[in-house]
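Each chain, written out:
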Amino acid sequence: MGFFSKIKEGLKKTRTSIGDGFNAVFSVFKKVDEDFLEELLELLIMADVGYDTSERIIGELRKKAKLESLNDPESVKNALAQIIAEAMTGENGLNISTSPSVILVVGVNGVGKTTTIGKLAHRLSESGKKVIIGAADTFRAAAIDQISVWAERSGTDIVRHQDGADPAAVVFDTIAAAKARKADVIICDTAGRLHNKKNLMGELEKIMRVIERELPDADKEILLVLDATTGQNAIEQAKDFKEAVGVTGVALTKLDGTAKGGITIAVKDVTGVPVKLVGVGEGIDDLQYFEPDAFAKALVGIEETE
């Protein structure tokens, strides 16, 4: 199953919410006027796109509809999808061209961080990359065992210490192992931390210093994992983590579990941080690289052949 089919299924709840509303609006309004645009604005806000972002999207749609004389449902859908895709486009791919490259995974507890690491390791391994995981979440009981299970499932090497060990030491040893084993990608787990916990943020900065010192020329991604079902709270997490540690990309999990998948658009619009990965199911293959065009079409209900 390709990205479009996966994202279409994963966005099923959101598509139903927006699609049904879209059809209902068009059954009442026969032209693109201000009343129609106001109804569409409400639909976007209800899907957790956020008020300001929704206003910008509708503003662009208003201009486009006037310039291109759009009135029928399909032309408006296509225009809306194009506007959303353009808003989401930019540095969506993982920056991992060096060997080794480093992906440092951050986020609060409960967002699906460990699962995301396991599924990403699987995807990278399937594409021919030699991956090694650093189990640097040494604070939470059972975190090391959980990430070890995912490493086994994905056929990935792992470096682990005991619970309570220094996370920066785990990262140091993981880098050494990656150099010795000629790994292509290092994925470092970190403790699920609240963005306002200074001591844990300080630990993260220490890890980053180790990576910079040991691999100064390597490509580095700081990947923030967010739970789509938390809605606007995910935006606040993204803003705080970006300010604290310079997040380079977002992995948005549990899109299949929410009718408010518009949060994907809001994250990029509000923070400027690109969405790079989306989780659309429980299976090991259900973490997908983000494709803005396919996402936008699936969101507004445009059918696409793969």
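For clarity, every value in this text was computed on a predicted model and none was experimentally measured.

Before going further, it helps to examine the overall build of the protein chain. Scanning the protein chain from N- to C-terminus turns up 12 helices and 8 strands. In terms of overall size, the protein chain behaves like a compact globule, its C-alpha atoms giving a radius of gyration of 21 Å where 306 residues would be expected to give roughly 19 Å. Along the longest, intermediate and shortest principal axes, the C-alpha atoms of the protein chain span 65 × 40 × 35 Å. Here the protein chain, with 306 residues, has 55% of them falling under the buried criterion. Expressed as a percentage of contacts within the protein chain between residues at least 6 apart in sequence, the contacts between residues at least 24 apart total 77%. As displayed, the protein chain offers around 13100 Å² of accessible surface, 49% of which is attributable to carbon and sulfur atoms. Between the centroid of the 38 positive side chains of the protein chain and the centroid of its 48 negative side chains there is a distance of 3 Å.

Moving on, we come to helix α10 (residues 232-245). An α-helix turns once every 3.6 residues. As a result, residues three or four positions apart point the same way. The first and last C-alpha atoms of α10 sit 20 Å apart over 14 residues, in line with the 20 Å expected at 1.5 Å per residue. Taken together, the buried positions of α10 are occupied by Ala 234, Ile 235, Gln 237, Ala 238, Phe 241 and Val 245. Viewed along the axis of α10, the buried residues span an arc of 165°, placing them on a single side of the element. Following α10 by one or two positions, Gly 246 adopts a phi angle in the positive range, close to 65°.

Before going further, it helps to spend a moment on the environment of Val 25. Locating Val 25 in the fold gives a position in helix α2 (residues 12-28). Looking at Val 25, the relative accessible area reads 7%, which means it is buried. On a C-alpha basis, the gap between Val 25 and Thr 89 in space is 28 Å, while along the polypeptide they are 64 residues apart.

Next up on the list: the sheet that holds strand β4 (residues 185-189). Pairing in this open sheet of 8 strands is mixed, and the strands run β3-β2-β4-β1-β5-β6-β7-β8 from one edge to the other. Looking along the sheet, the strands with just one partner apiece sit at the ends: β3 (157-159) and β8 (287-289). Adjacent strand axes in the sheet meet at a mean angle of 25° when their direction is disregarded. In terms of strand pairing, strand β2 (residues 131-135) meets β3 through 3 bridges, oriented parallel. In the sheet register, Gly 134 faces β3, and the bridge partner there is Val 159.

Below, the discussion takes up the nonpolar core. One recurring pattern in soluble globular proteins is that nonpolar side chains are buried together. Counting residues in hydrophobic clusters, the biggest one holds 102 residues, and the most contacted among them are Phe 36, Leu 61, Ile 84, Ile 103, Leu 120 and Ile 187. If we skip the residues at most four places from it in the chain, Ile 84 touches Ile 57, Ile 265, Phe 295, Ala 296, Leu 299 and Val 300.

The next subject is unusual backbone geometry. Residue Pro 100 is bonded to the preceding Ser 99 through a cis peptide linkage, with omega at 0°. Position of Pro 100 among the secondary structure elements: in the loop between α5 (73-88) and β1 (101-106). One non-glycine residue, Glu 91, adopts positive backbone phi at about 55°. The phi torsion at Lys 182 lies on the positive side, around 55°, for a residue other than glycine. On the secondary structure map, Lys 182 appears in the loop between α8 (167-181) and β4. Assessed through its relative accessible area of 68%, Lys 182 is described here as exposed.

Okay, the pairing of β1 next. The buried fraction of β1 is high, at 6 of 6 residues. Burial of β1 is two-sided: the residues Ser 101, Ile 103 and Val 105 facing one way and the residues Val 102, Leu 104 and Val 106 facing the other way are all buried. Bridging between β1 and β4 involves 4 bridges; their strand directions are parallel. Paired with Ile 103 across the strands is Ile 187, a residue of β4. In terms of strand pairing, β1 meets strand β5 (residues 220-227) through 5 bridges, oriented parallel.

In the contact formed by helix α4 (residues 51-68) and helix α11 (residues 263-271), the axes pass within 9 Å of each other and the chain directions differ by 95°. Comparing the axis directions of α4 and α11 gives the class roughly perpendicular. Where α4 abuts α11, its residues Thr 53, Arg 56 and Ile 57 lie against Ile 265, Ala 266, Asp 269 and Val 270.

Moving on, we get to the pairing of strand β7 (residues 275-279). Most of β7 sits out of view: 5 of its 5 residues are buried. Sheet topology note: the strand β6 (residues 249-253)/β7 ladder contains 3 bridges and is parallel. The residue of β7 that forms the bridge with Leu 252 is Val 278.

Rules behind the numbers
Residues numbered from 1 in each chain as written. Predicted model: local features only at pLDDT ≥ 70, side-chain atom pairs only at ≥ 80, totals over all residues. Heavy atoms only, no water. Helix = DSSP H or I, 4+ residues; strand = E, 2+ residues; numbered from the N terminus. Rg over C-alpha atoms; globule rule 2.2 N^0.38 Å. Buried < 20%, exposed > 50% of the residue type's maximum accessible area, 1.4 Å probe, protein only. Contact = heavy atoms within 4.5 Å. Areas by Shrake-Rupley, 256 points an atom, 1.4 Å probe, with all protein chains shown as cover. Lys, Arg positive; Asp, Glu negative; His and termini not counted. Charge placed at Lys NZ, Arg CZ, Asp CG, Glu CD. Expected span 1.5 Å × (residues − 1). Arc of directions from axis to C-beta. Pairing = 2+ DSSP bridges. Axes fitted to C-alpha atoms, helices over the stretch in contact; angles between N-to-C directions. Core = buried A, V, L, I, M, F, W, Y, C linked by side-chain atoms within 4.5 Å. Parallel < 35°, antiparallel > 145°, perpendicular 65-115°, else oblique.

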